[in-house]
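Summary of the model geometry
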Amino acid sequence: PWGLRLRTGGGTLFLDEVADDSLHASIDGDLRWELIARSPLPLAGRATGRFVGTRLEAEAEVASFDLRTLNALLKTDMVVFTSGTAAGRLAVAGPFNDPDFTGALDLAKGGLRFRYSPAEVGPLDARFAFTGRSFSAGPVTAAVGAAWATAQIVFTLDHWVPTSFV
C-alpha cells in the first residue's frame, strides 16, 4: 500500500511517498519542480523542470526503466515487451499536453514477442533515439528462437502516448 505525505516549506510544496521511500516530488512558487523515483517503481531516476504558462521544459536522467511498462501504453498485442531495462537522458520541451522529446535511452537485455511469431526475440541491446514526437531504434540484430533477425522501428508519439509504429 502506498502512503503519500504533503508538506510545505520555504514556498515549496513537497510530496513524499512514505511506504517504501520510492517517490519524492517538489514544486516551488516559480513552478520549478523536481521528481525523484526509486525502486520498486518501474522507473528510477531524477527529472527537473519548470512550467511556463502551458509549456513544459524538463530534463530527466533515467537510471533504470523497465520496458515492460510500455505494454500498457502501447495497448496492443502486436508487440509485447517481455524483458529489458533502459537508461539514459531525455529532454522534454513544448506544450504540456504534446511536447517534443530529445535524447536517448539505451536498452539492455531486452526481450519481446510479436503477435505472428511463436519465438521470443532477444536478448537484445539497442539505443532508442528521441527526436521531436518520435523515437526509433535500430537496425538491431537479435536472436529469434534458433534464427537471427535484423529490424528497425520508429514510434510516433501523440500527447505522450506511442500511437503508431513502423
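Residues numbered from 1 in each chain as written. Predicted model: local features only at pLDDT ≥ 70, side-chain atom pairs only at ≥ 80, totals over all residues. Heavy atoms only, no water.

Here we look at the pairing of strand E3 (residues 23-28)
This is how the line gets drawn: In this scheme, strands are said to pair when DSSP sees at least two bridges between them. Here a strand is any run of E in DSSP of at least two residues, a helix any run of H or I of at least four, and the numbering for each starts at the N terminus.
Alignment of strand E2 (residues 12-17) against E3, held across five bridges, turns out to be antiparallel. Bridging from a neighbouring strand, Leu 13 pairs with Ile 27 of E3. Alignment of E3 against strand E4 (residues 32-37), held across five bridges, turns out to be antiparallel. Across the sheet, the residue bridging to Ile 27 is Trp 33, located in E4. The antiparallel hairpin formed by E3 and E4 contains three residues in its connecting segment, where Leu 31 sits at a positive phi of about 65°.

Digging into the pairing of strand E9 (residues 121-132)
Here strand E8 (residues 100-114) pairs with E9 via nine bridges, running antiparallel. Opposite Asp 106, over in E9, you have Arg 127 as the bridge partner. Between E8 and the antiparallel strand that follows it, E9, lie six residues. Counting the residues in the hairpin turn of E9 and strand E10 (residues 134-144) gives one residue.

Comments concerning the pattern of salt bridges
Put simply, the test is: Any Lys or Arg side-chain nitrogen found within 4 Å of a carboxyl oxygen on Asp or Glu counts as a salt bridge. Throughout, exposure labels follow a simple rule: accessible area from a 1.4 Å probe, protein chains only, divided by the maximum for the residue type, with under 20% read as buried, over 50% as exposed, and the rest as partly exposed.
Counted by the stated rule, this structure contains 13 salt bridges. Salt-bridge contacts for Glu 57 lead to Arg 50; the nearest nitrogen and oxygen are separated by 2.9 Å. Judged by its relative accessible area of 32%, Glu 57 falls in the partly exposed class. When its relative accessible area of 28% is taken as the criterion, Arg 50 is described as partly exposed. In this structure, Arg 89 and Glu 59 form a salt bridge, with 3.4 Å as the shortest nitrogen-oxygen distance.

In short, the description is geometric, and any link to function would need to be established separately.
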